[in-house]
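Chain residues, written in single-letter form:
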Amino acid sequence: MAQKSKQWAAIIMMFAIFAMIAFVTNLCSPMATIVKNQFGASELAGQIGNYANFIAYLVMGIPSGMLIAKFGYKKTALMALIVGMIGLGFEYLSGQVGNYWVYLIGAFISGLCMCMLNCVVCPMLNILGGEGKTGNQFIQIGGAFNSAAAVTVYILMGALIGEVSKDTSIADATPALFIALAIFLIAFVVLLITTIEEPEQAPVEPSLFTGALKFRHFSLGALAIFFYMSVEVGTPTYMISYLQTPEIGVSAATAALIASVYWLMMFVGRTIGGSIGGKISSRAMVSFVAVLAIILLAFGMFAPETIKVQVPGIDWANLAVNFTEVPVGVLAFILVGLCTSVMFGGIFNMAVEGLGKYTAAASGIFMTMIFGCAVMVAVQAWAADNFGTINSYFIPLLSAAYILFYALVGSRVSKKD
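Residues numbered from 1 in each chain as written. Predicted model: local features only at pLDDT ≥ 70, side-chain atom pairs only at ≥ 80, totals over all residues. Heavy atoms only, no water.

Comments concerning the overall build of the chain
Right, so step 1: Looking only at helices and strands, one finds 15 helices and two strands in the chain.
Right, so step 2: Burial status across the chain gives 55% buried among its 417 residues.
Right, so step 3: Carbon and sulfur atoms form 68% of the exposed surface of the chain, whose accessible area is close to 16400 Å². (Helix = DSSP H or I, 4+ residues; strand = E, 2+ residues; numbered from the N terminus. Buried < 20%, exposed > 50% of the residue type's maximum accessible area, 1.4 Å probe, protein only. Areas by Shrake-Rupley, 256 points an atom, 1.4 Å probe, with all protein chains shown as cover.)

Rendered as structure tokens:
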């Protein structure tokens, strides 16, 4: 009984860390609006803090796997929390001194922390669940906490900064930064006194990573997560651009509110996935949502723009729901959020199955591939410039097709460690 209670303490700790990752990561989007106003930055310069998270995954993914292999999951998580507190400290300092570069340093350091924590939480939940269906279920439940924390950030930041004006500064977001800092500190103390059964780790050496890549189902899974970022992020990003085209004529503010419903759909999907994940295999779950995503993306691209529907837009700052008339295809794009919600956890669960001592290294490689977001979103931008915004959706459509291939064929385990 004591052993079981220790395991549940570790599981709850991993759920909390999953929520923390979203809380800090999603601070970047509303902060970008503040940065543009406070420092007079361009759209690109304001969003650099947001993209710093993905650059950090490229930089820190494999080193995180090496840290886990050398020190274990618990010590790596503790180190990550310290790194996160340093990053938040820089972001707070930038608001006090009014320096843009200090803010970027803080955002990048925070991104390093998020990568390290992701490398810990996904494999640990999978291991604590005994891999298979229960491992997938634990990851999906953790994802639901992740999405709930993301929604909380938008509500909190909306309440703190209200309508952004030229007088709005990072200092106005200080309470949110202090809340994140307090969460990190509490998590550090709780994790320090929590007993976690560490799985077997292989010695830290280059063969650890090359060994992981020799597992065909893992290599194809790492590529699947690269393309997954196109479906998850590209769909809502270019939906905002599409809504603002002259043909549709929706304002930027309203388009952003409509896009926020997409992220709410991810929360709904992850909640459902967490409730049924113990009964349905990752292969079946990801195959179903990949097919549904392909249908929805194709419908969104080819549905007549003359057919209109009312879709909600959630104003988190005022806790209000506003309805806007848009082409029916936009509704399909919003519903893609239900599909992407369970893809990440399901792909990870399948990719690391049977890796044994190579799991930590594989997790580092896996998290590095999240950098695919920056690449695939840029590819879709090129497609939008050359073929039109709505036609650029063939990029996430092809990405969803690869995910379907992986779930049905590529994920089948040919060997185990």
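Right, picking up where we left off after that structure.
Section: the confidence of the model for the chain
Detail in the predicted coordinates should be disregarded across regions flagged by low pLDDT.
Right, so step 1: Per-residue confidence for the chain averages 81 on the pLDDT scale, and 83% of its residues sit at or above 70.
Right, so step 2: Low pLDDT (under 50) marks residues 1–5, which in the prediction has one contact with non-local residues, meaning those over four places away or in another chain. (pLDDT = per-residue confidence, 0-100. Contact = heavy atoms within 4.5 Å.)

Focus: the side chain of H217
Right, so step 1: With respect to the secondary-structure elements, H217 resides in helix α9 (residues 216–243).
Right, so step 2: At 2.8 Å, the side chain of H217 forms a polar contact with the backbone oxygen of E353. (Polar contact = N/O pair within 3.5 Å; in protein donor to acceptor, adjacent residues only side chain to side chain.)

Brief notes about the packing of aromatic side chains
Right, so step 1: One pass over the full model with this rule turns up 14 aromatic pairs.
Right, so step 2: Measuring from centroid to centroid gives 6.3 Å for F387 and F394, while their planes differ by 70 degrees, and the two rings are edge-to-face.
Right, so step 3: Residue classification places F394 among the partly exposed residues on the basis of a relative accessible area of 29%.
Right, so step 4: An aromatic cluster is defined as three or more aromatic residues linked by ring pairs; in this entry it consists of F226, F227, Y402 and F405.
Right, so step 5: Stacked on the ring of F71, the Lys or Arg K70 has its end atom at 5.6 Å from the ring centre. (Phe/Tyr/Trp six-rings, centres within 6.5 Å; stacked < 30°, edge-to-face > 60°. Lys NZ or Arg CZ within 6 Å of the ring centre and 35° of its normal.)

Topic: a nonpolar patch on the surface
Right, so step 1: A cluster of nonpolar side chains, namely V268, I272, I276 and I280, defines an oily patch on the protein surface of about 270 Å² accessible area.
Right, so step 2: Here V268 falls in the partly exposed class, since its relative accessible area comes to 31%. (Patch = residues over 30% accessible without salt bridge, like charges linked within 9 Å, V, L, I, M, F, W, Y side chains within 5 Å. Salt bridge = Lys/Arg side-chain N within 4 Å of Asp/Glu carboxyl O.)

Quick notes on helix α12 (residues 328–351)
Right, so step 1: Taking 1.5 Å per residue, 24 residues should reach 34 Å; α12 reaches 36 Å between its end C-alpha atoms and fits that length.
Right, so step 2: Of all the bends found along α12, the most pronounced is centred on M343 and spans about 30 degrees. (Expected span 1.5 Å × (residues − 1). Bend = angle between axes of the 7 residues up to and from the residue.)

A word on helix α7 (residues 174–193)
Right, so step 1: With 20 residues, α7 extends 29 Å between its outermost C-alpha atoms, agreeing within 8% with the 28 Å of an ideal straight helix rising 1.5 Å per residue.
Right, so step 2: For α7, the full list of buried residues reads T174, A176, L177, A180, F184, A187 and L191. Down the axis of α7, the buried side of the element spans an arc of 165 degrees, and every buried residue falls inside it. Pointing more than 90 degrees away from the buried face of α7 are the exposed residues I186 and I193. (Arc of directions from axis to C-beta.)

Remarks on the packing of helix α11 (residues 282–302) against helix α15 (residues 394–410)
Right, so step 1: Look at α11 against α15: their axes get within 9 Å of each other, and the N-to-C directions meet at 160 degrees. It follows from the interaxial angle that α11 and α15 lie roughly antiparallel. Crossing of α11 over α15 shows left-handed handedness. On the side of α11, the interface is formed by R283, V286, S287, A290, V291, A293, I294, L297, A298 and M301, while α15 contributes F394, P396, L397, A400, A401, I403, L404, A407 and L408.
Right, so step 2: For the contact of α11 with α15, the residue count by class is 17 nonpolar, one polar and one charged. (Axes fitted to C-alpha atoms, helices over the stretch in contact; angles between N-to-C directions. Parallel < 35°, antiparallel > 145°, perpendicular 65-115°, else oblique. Left-handed = near helix turned anticlockwise from the far one by under 90°. Nonpolar A, V, L, I, M, F, W, Y, C, P; charged D, E, K, R; others polar.)

Some points on the state of the cysteines
Right, so step 1: Under the defined criterion, the tally for this structure stands at zero disulfides.
Right, so step 2: Cysteine C115 remains unbridged, with the sulfur of C119 as its closest cysteine sulfur at 4.4 Å.
Right, so step 3: On the basis of relative accessibility, which here comes to 0%, the residue C115 falls in the buried class. (Disulfide = S-S within 2.5 Å.)

With respect to the packing of helix α8 (residues 206–213) against helix α13 (residues 359–368)
How two helices sit against one another is set out by the angle between their axes and by the gap between those axes.
Right, so step 1: As a packed pair, α8 and α13 sit with axes 8 Å apart at the nearest point and diverge in direction by 75 degrees. Accordingly, the angle class assigned to the pair α8 and α13 is roughly perpendicular. Packed against α8, whose contacting residues are L208, F209, A212 and L213, the element α13 presents A361, A362 and I365 at the interface.
Right, so step 2: A breakdown of the residues in the contact of α8 with α13 according to their chemical character gives seven nonpolar, no polar and no charged.

Considering the environment of C339
Right, so step 1: Position of C339 relative to the elements: it lies in helix α12.
Right, so step 2: Under the relative-accessibility criterion, C339 is labelled buried at 0%.
Right, so step 3: Residues C339 and G269, 70 residues apart in the sequence, show an inter-C-alpha distance of 7.1 Å.
Right, so step 4: Apart from the residues within four sequence positions on either side, C339 is in contact with V289, L292, A293 and L296.

Focus: the side chain of S64
Right, so step 1: If you trace the backbone, S64 turns up in helix α3 (residues 43–71).
Right, so step 2: Judged by its relative accessible area of 0%, S64 falls in the buried class.
Right, so step 3: Among residues more than four places away in sequence, those in contact with S64 are T76, C115, M116 and C119.

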